[in-house]
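Survey of secondary and tertiary structure
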Amino acid sequence: MRIGTSYRGAELGLAEPPNAERDEVPWGFSARDFVLIVGAALIVRWLNLSLLPSDVGYYSFPDSSDYLAMARHWDQQGTIFNWLQATGRLSTERMPGYAWFLYALAEMGFDSPRWIAFAQSLVDSLTCGCVGVLGAQISTKLGRLSGILAAFSPTLIIHSTLILQDTLFVFMMTACLMLALVAAKSGSLAAAFVCGLLFGLAFFVRSVLQYMLILLPVCYLAIVLCSRFYAPAKPLAKLGLATLLGISILLAPLAYRGVSLGSIYPTTQSGLHALFWTVNLVHRSETGRTFAEQSPFTRKIANDEFNRLSLDEVDLGAFEVDKIYRDIAFKELLNASPVTLAKVWIQGVIVSLVSPGLLSDGRVRQLERPSFYKTPGNSFPERAYKYFFDDPKMFQVIILLAGVFCALFAFLLVIGLVNLVIRVPLVALAGVVFISYFLLLSGPTSGPKYRMPYMPLLIVFAAAGILAVWEFTKTKVLKPRRQI
């Protein structure tokens, strides 16, 4: 069984005839290709690590201390039963998967920031190989180029050095997407089942997938209905059930935890993020204040609501407080102007998609770095102009130059997406839905870190753009000149 891969337009390198090389190799990608891409990715990441100082500040991000504290907490008194009972702030605020990863490294004696970055470089290199296999489900040529681009992606390279859960999460989600396409093309129930297991593991790393659990049955039904135009619905229905079974097995403990705590939310971050980030950024856009200036006003809104309810935040459980935060955030967003909401969401999407990965690099962050959030201005263009051109420092110069390359990447991405929509519409649509999910959730909260979950798909789209531009140049520009 095959998904709706159209072989029209094989001349663009985005689709190949049935007897092409991709059908002679399992999964459309040879073991040699996979090893070469992983090897190249390792070399690039180790070279980058060799240039990083050993100071912990180059490996840390604002959330890094929490993850290290979670790993130490697990080492001292953590058990799966304690986590199920949600004892302590750390066990309720974040998912435990990355803490388990750090704890395992510490048990092997690899607990320094440099060793953590080294281990994550191994994981990220495997991600690059999976990106290659992901692209190879469309064409072998696209798979190879996608893997190469992933191996040299600054966003992936830089974030693999940071003590953040993103590298581990991206690996699991990329492997999950890869197996989803492999299962759809081959009809393998085993691939579909492992895809579900990987989704469950990724959920234990980041709770951002919580709303996707609600959307999965809807997406599953849509895929079955759409597949009637491309392939028999019954085999796809079996694949979907195998995937849901894998997810259910992994998330059964999480479901038990939710029932015992009386909350459908796995962590207490949803309300916290919605109120003190999303609402704060929306109000900042309305008032023209900086992020720091607006924060006390948002805190006052929360305090006033607790006073109105005659409740003391200290006396409430973490999930109860988070629910009140969500209610306040929902009310504030409903009261905001639709124009303002649309503006801040669009700005967040643009920044997340095109902001340079260098923003997260420890060496760049050590430079004098004026905060964009603290830059005054009544609009995004005004703040951007002041940030880059009013007394620019070395930091702004580096980011501005990197932004040029990001703009080129975005151009290739759009070209590639358009071509994929024409050649493999079902696959392209699924990718757009996946990306849109994360863009809608992150909203105004933007930056290169927030595009990590869907960065592999962006790389595949950009690789498709490069192939399309090259084939167009070769057939429409270079060939006519040769004939002359």
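1. A closer look at the environment of Thr161
Checked against the element boundaries, Thr161 lands in the loop between helix H8 (154-159) and helix H9 (166-186). Thr161 gets classed as buried once you look at its relative accessible area, which sits at 4%. C-alpha separation for the pair Thr161 and Ala117, spaced 44 residues apart in sequence, amounts to 4.5 Å. Not counting residues up to four positions away in its chain, the partners in contact with Thr161 are Asn48, Leu49, Leu52, Tyr59, Ala117 and Gln120. Here Ile158 takes part through its backbone oxygen, which lies 2.6 Å from a polar atom of the side chain of Thr161.

2. Considerations on the confidence of the model for the protein
For the protein, the average pLDDT comes to 82, and 83% of its residues sit at 70 or higher. Ignoring residues within four places in sequence, the model shows residues 1-13, a span with pLDDT below 50, making 52 contacts including any to other chains. Note on residues 17-24: pLDDT is under 50 here. Beyond four places in sequence and across chains, it has 17 contacts.

3. Some details on the pattern of salt bridges
Enumeration over the complete set of coordinates arrives at 15 salt bridges. Between Asp124 and Arg45 there is a salt bridge whose closest N-O contact spans 2.7 Å. Taken together, the residues span a long stretch of sequence, with Asp124 in helix H6 (residues 113-136) and Arg45 in helix H1 (residues 31-50) at a distance of 79 residues. For the pair shown, Asp124 and Arg45 are each scored as buried. Across the salt bridge formed by Arg299 and Glu313, the nearest N and O atoms sit 2.9 Å from each other.

4. Comments concerning H9
Taking 1.5 Å of rise per residue, 21 residues should cover 30 Å, and H9 covers 30 Å from first to last C-alpha, within 8% of that figure. Within H9, 17 of the 21 residues are buried, leaving the element largely enclosed by the surrounding structure. Phi turns positive, to about 80°, at Gly187, one or two residues after H9.

5. Some details on a nonpolar patch on the surface
Together, Met108, Phe110 and Trp115 make up a nonpolar patch on the protein surface, roughly 300 Å² of accessible area in all. Counting through the fold element by element, Met108 comes out in the loop between helix H5 (97-107) and H6.

Reading guide: rules and limits
- Residues numbered from 1 in each chain as written.
- Predicted model: local features only at pLDDT ≥ 70, side-chain atom pairs only at ≥ 80, totals over all residues.
- Heavy atoms only, no water.
- Helix = DSSP H or I, 4+ residues; strand = E, 2+ residues; numbered from the N terminus.
- Buried < 20%, exposed > 50% of the residue type's maximum accessible area, 1.4 Å probe, protein only.
- Contact = heavy atoms within 4.5 Å.
- Polar contact = N/O pair within 3.5 Å; in protein donor to acceptor, adjacent residues only side chain to side chain.
- pLDDT = per-residue confidence, 0-100.
- Salt bridge = Lys/Arg side-chain N within 4 Å of Asp/Glu carboxyl O.
- Expected span 1.5 Å × (residues − 1).
- Patch = residues over 30% accessible without salt bridge, like charges linked within 9 Å, V, L, I, M, F, W, Y side chains within 5 Å.
- Areas by Shrake-Rupley, 256 points an atom, 1.4 Å probe, with all protein chains shown as cover.

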